[in-house]
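# Per-entry structural report
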Amino acid sequence: MTEELRIGVFICHCGINIGGVVDVPAVVEYASTLENVVHAERNLYTCSSDGLESIKSAINEYELNRVVVASCTPRTHEPLFRATCEEAGLNRYLFEFVNIRDQCSWVHMHELEKATEKAKDLVRMGVAKAALLEPLEELTSEVTPSAVVIGAGISGMTAALSIAKNGFHVHLIEKKREMGGMLRRLYKLYPTEELAAEFLEQRIKAVEEHERVELHLSASIKAVEGYVGKFKVILDENGAEKSIDTGVIIVATGAKEFEPEGLYEYDGEKVITQLQLEEKLKRGDSKLDGIENVVMIQCAGARGEVVGYCSKICCMNAIKNAKLIKEANPDINVFIAHNELQAYGEEYELYYRDAKKAGVRFLRFPLERRPKVIKSEGKLVVDVFHERLQMNIPLEADLVVLSVPLVQNPDAEKLSKMLKVPLGQDKFFFEAHVKLRPVDFATDGIFLCGTAQGPKDIEESISQGYAAASRATIPLAKGYVSSEAIISSVDEAICVGCGICESVCPYGAVEVVETEEGRRAKVTGVKCKGCGTCGSSCIKRAIKMHHFTDEQLIAQERTALVTEEVVS
Amino acid sequence: MKEGEVKIIGFLCNWCCYAGADLAGVSRFQYPPNIRIIRVMCSGRVDPVIILDTFLWGADGVFIGGCHPGDCHYMQGNYYAEKKIEMAKRLLKEAGVEPERLRLEWVSASEGERFAGVMREFTEEIKELGKIKFEKDEMEAACIAAADYRLRILATKEKELLEEGNKYGEVFTRHEMNRLLDDMVREEYEAKKILLKLKKPKSVKEIAAELNLKPNVVFRHIMDLRRYELIEVHEIRDNTPTYVAKVEEGGE
């Protein structure tokens with residue numbers, strides 16, 4: 001660097017928060033002796049408008065080209081001080097924050113002298129890093145104003161329609177010949193008991209009639225390239241290859257019902273799943289002629305039997321089907337053998353009580369003693385260990401219905417690899433954060449909704465469809481995406497193209513490409529989030545993690561360790 | 001930091017541990033003032049070379065704080081951090097320094113009290129261990145070994161080797177992996193130490209005596225170092241060749 005370094009240091013009293021413990025004037029005096037520091041001052045509150053003004057005027061008066069503020073924490077105040085530097089014409093990344101409150105004065109309140117020593121050390125470290133800071137620019141990139149929604153079940157249809165109504169073109173991609181997904185096989189929906197077919201028909205019509213929804217049926221994803229704002233999705237639509245440019249992608253691929261082969265004497269005729277029962281009821285067979293006893297078994301294959309998780313929807317679904325049978329034909333005995341029973345919320349609880357009133361019988365079994373289905377001479381007996389009676393109750397059954405969990409589609413793994421988004425332990429798509437970012441993937445521009453993310457009912461799938469659409473519309477409406485300035489870059493002269501960086505990057509931001517010099521790693525700036533794991537993994541140490549470079553970190557640690565005498 | 005007191009350097013990830021340290025402050029949980037904190041975006045950023053350099057420059061303890069497993073802001077950064085820190089610990093051991101001086105902890109943004117507790121405990125541990133002692137050459141060798149591509153590959157690829165196997169589909173057991181890591185670390189460390197000794201020309205016998213290694217081991221390293229063109233024959237003295245380092249390869 002040929003430019004002369006002119007560093008300004010601003011030490012904040014933060015009222016008595018810092019000033020009451022740390023000897024601020026002594027730290028200011030010390031700071032002014034440090035190499036490259038041309039100005040040091042203290043402020044009662046550096047973040048007040050007076051404080052910010054004094055930073056700005058000092059930048060002009062002393063021609064500062066680096067600013068260090070020692071005050072609270074960058075996690076709250078860095079944006080403010082960066083903006084202040086920018087207002088005075090200094091690149092916002094030529095600012096360094098030193099935390100002498102949260103990590104010094106507040107935690108060493110009874111050791112005034114040592115806290116002052118520590119504050120001096122921290123300021124010295126900050127000045128050392130500031131000397132090595134480089135100006136950085138945030139990158140912006142245009143967004144293709146259209147969306148791709150993968151999967152035309154209820155969640156995907158909801159998302160697609162919502163984005164279209166917001167004024168953007170949507171490509172709705174469905175692998176089957178028709179829309180509807182799981183809903184197509186259902187009879188009636190809880191708790192309203194409206195017909196699934198009618199409900200679905202209205203939605204399909206709305207999607208089909210919307211001018212901005214472009215349907216791609218019998219279509220599968222072949223490849224996905226690009227990044228937020230500039231994705232390219234390659235489709236195989238009825239055997240023909242198609243390429244779609246899109247700004248965002250929503251994954252709404254749904255789930256499928258677990259097949260209980262080999263469990264509970266499952267045969268698809270006398271022992272069936274809830275979904276098979278729905279189809280039976282839907283065919284107009286709701287009176288279930290010739291059947292006297294129906295036994296439903298909850299958690300079949302779930303909660304530790306085959307899959308580990310609770311499938312969430314089966315309790316309400318069983319209650320609904322039991323109630324429908326009972327109401328259509330009160331002479332049929334309907335039993336639900338269950339362990340826990342989830343009928344959360346007022347509406348579902350009322351629905352459960354209605355089912356009890358209608359005569360559905362509930363038997364609770366312990367999870368470690370699940371019911372057994374015994375088949376002999378064409379007759380079925382379900383042996384349930386009744387938890388409260390502490391005895392086995394053999395229930396004769398003409399029809400056994402297994403409440404099996406929803407499981408991930410087998411092709412999800414392929415899609416997750418193409419999109420470079422993760423699957424969780426249960427193989428469902430894995431959101432960025434369970435509470436804070438429930439419909440985002442960690443990768444920008446890709447969102448998820450519906451049962452692709454885990455079992456959920458229609459109501460939740462629709463809510464998530466709206467949520468994902470709303471999240472996905474943000475970059476579309478903005479028209480551009482801006483990315484971090486704090487990203488990594490590769491020194492091509494040192495890189496050997498081994499690809500270890502590519503393997504550790506969670507965002508697909510580093511890729512090995514062919515260049516004239518041979519294979520080299522390349523960083524796509526807008527994809528990079530600046531974690532720096534590529535840098536610490538690079539076998540040739542050819543990757544520079546900007547703003548947290550090896551040189552800067554080493555300068556900080558060495559400066560902290562050398563004693564004052566050595567420095568001065 | 002004043003001479004005589006133990007010095008601890010902390011590298012904390014921005015999202016969890018640094019935030020936890022801030023919360024300790026907001027809640028006024030007190031802890032000893034021996035630590036100097038350096039903020040990084042992710043614990044996965046912390047390079048073993050930087051850790052060892054921190055010890056080389058006199059830190060008595062180094063603390064790395066990241067997010068709890070599964071909570072990493074960047075998904076897997078903390079996992080990679082763990083492997084890199086294990087590698088740094090192995091190298092510390094080779095250099096004759098207690099690996100306990102390097103500590104990795106997962107602290108979330110809501111664990112202010114825990115952060116303060118960990119700080120008290122770690123500072124106490126370091127005080128009991130006392131000021132760090134090492135031979136400069138040995139720590140330098142550890143630093144250079146950490147920068148070596150073979151150890152860097154191993155530190156990063158460990159998960160893959162344990163779960164998916166190598167390119168022939170051979171999956172490593174934990175035991176095999178540990179043995180492999182131990183062997184590789186020792187080999188690299190010995191080689192780097194020899195390289196540092198060869199700033200001045202020496203024969204195999206002289207190096208073996210100085211480093212307390214068997215001559216055949218030294219000879220094998222010498223052959224490797226020659227193959228990598230890091231050293232060359234200096235002269236033949238009484239029918240015995242002496243070698244010297246070709247390029248000045250230092251830490252930082």
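Residues numbered from 1 in each chain as written. Chains lettered and ligands numbered in written order. Predicted model: local features only at pLDDT ≥ 70, side-chain atom pairs only at ≥ 80, totals over all residues. Heavy atoms only, no water.

So, about the packing of helix α8 (residues 274-285) of chain A against helix α9 (residues 314-328) of chain A. All names here are of chain A. At a closest axis distance of 11 Å, the pairing of α8 and α9 adopts a crossing angle of 30°. Here α8 runs over α9; the crossing is left-handed. Contacts between α8 and α9 involve Gln274, Leu277, Glu278 and Leu281 on the former and, on the latter, Asn317, Ala318, Lys320, Asn321 and Ile325. A class-by-class count of the residues in the contact of α8 with α9 yields 4 nonpolar, 3 polar and 2 charged. (Axes fitted to C-alpha atoms, helices over the stretch in contact; angles between N-to-C directions. Helix = DSSP H or I, 4+ residues; strand = E, 2+ residues; numbered from the N terminus. Left-handed = near helix turned anticlockwise from the far one by under 90°. Contact = heavy atoms within 4.5 Å. Nonpolar A, V, L, I, M, F, W, Y, C, P; charged D, E, K, R; others polar.)

Quick look at the packing of aromatic side chains now. Each pair of aromatic rings is reported with the distance of its centres and the angle of its planes. On inspection of all chains with the given rule, the structure shows 13 aromatic pairs over all chains. Ring geometry for B:Tyr31 versus B:Phe115: centroids 5.5 Å apart, planes at 80°, classification edge-to-face. Within this pair, whereas B:Tyr31 is found in the loop between α1 (17-26) and β2 (35-40), its partner B:Phe115 is found in helix α4 (residues 112-129), the two being separated by 84 residues in sequence. Residue classification places B:Phe115 among the buried positions, given a relative accessible area of 0%. Of note, A:Lys129 hangs over the ring of A:Phe548, and the distance from its end group to the ring centre comes to 4.1 Å. For the cation-ring pair, A:Lys478 lies above A:Tyr480, with the distance from its terminal atom to the ring centre recorded as 5.2 Å. (Phe/Tyr/Trp six-rings, centres within 6.5 Å; stacked < 30°, edge-to-face > 60°. Buried < 20%, exposed > 50% of the residue type's maximum accessible area, 1.4 Å probe, protein only. Lys NZ or Arg CZ within 6 Å of the ring centre and 35° of its normal.)

A few words on the state of the cysteines. All names here are of chain B. Counted under the stated rule, the structure contains 1 disulfide over all chains. With a sulfur-sulfur separation of 2.4 Å, cysteine 16 is cross-linked through a disulfide to cysteine 67. When the S-S torsion is 100°, as for the bridge of cysteine 16 with cysteine 67, the disulfide is right-handed. Here the residue cysteine 16 occupies a position in the loop between β1 (8-13) and α1, and cysteine 67 occupies one in the loop between β3 (61-66) and α3 (77-94), the gap between them amounting to 51 residues. Accessibility assignment for this pair places cysteine 16 and cysteine 67 in one class, buried. Take cysteine 72: it sits in no disulfide, and the sulfur closest to it among the cysteines is that of cysteine 42, at 4.2 Å. On the basis of relative accessibility, which here comes to 10%, the residue cysteine 72 falls in the buried class. (Disulfide = S-S within 2.5 Å.)

A word on the pairing of strand β7 (residues 169-173) of chain A. Residue and element names in this part refer to chain A. β7 sits mainly inside the fold: 4 of its 5 residues count as buried. One ladder, built from 5 bridges, connects strand β6 (residues 146-150) with β7; its direction is parallel. By the bridge assignment for β7, valine 149 is matched with leucine 172. With respect to chirality, the unit in which β6 leads through helix α6 (residues 154-165) into the neighbouring parallel β7 is right-handed. Examined bridge by bridge, β7 and strand β8 (residues 213-216) share 4 bridges and lie parallel to one another. Following the sheet pairing, isoleucine 173 is matched in β8 by histidine 216. Remark: the β7/helix α7 (residues 196-209)/β8 crossover connection has right-handed handedness. (Pairing = 2+ DSSP bridges. Right-handed = clockwise from strand over helix to strand, strands pointing away.)

Such coordinate-based values are descriptive only and should not be taken to indicate function.
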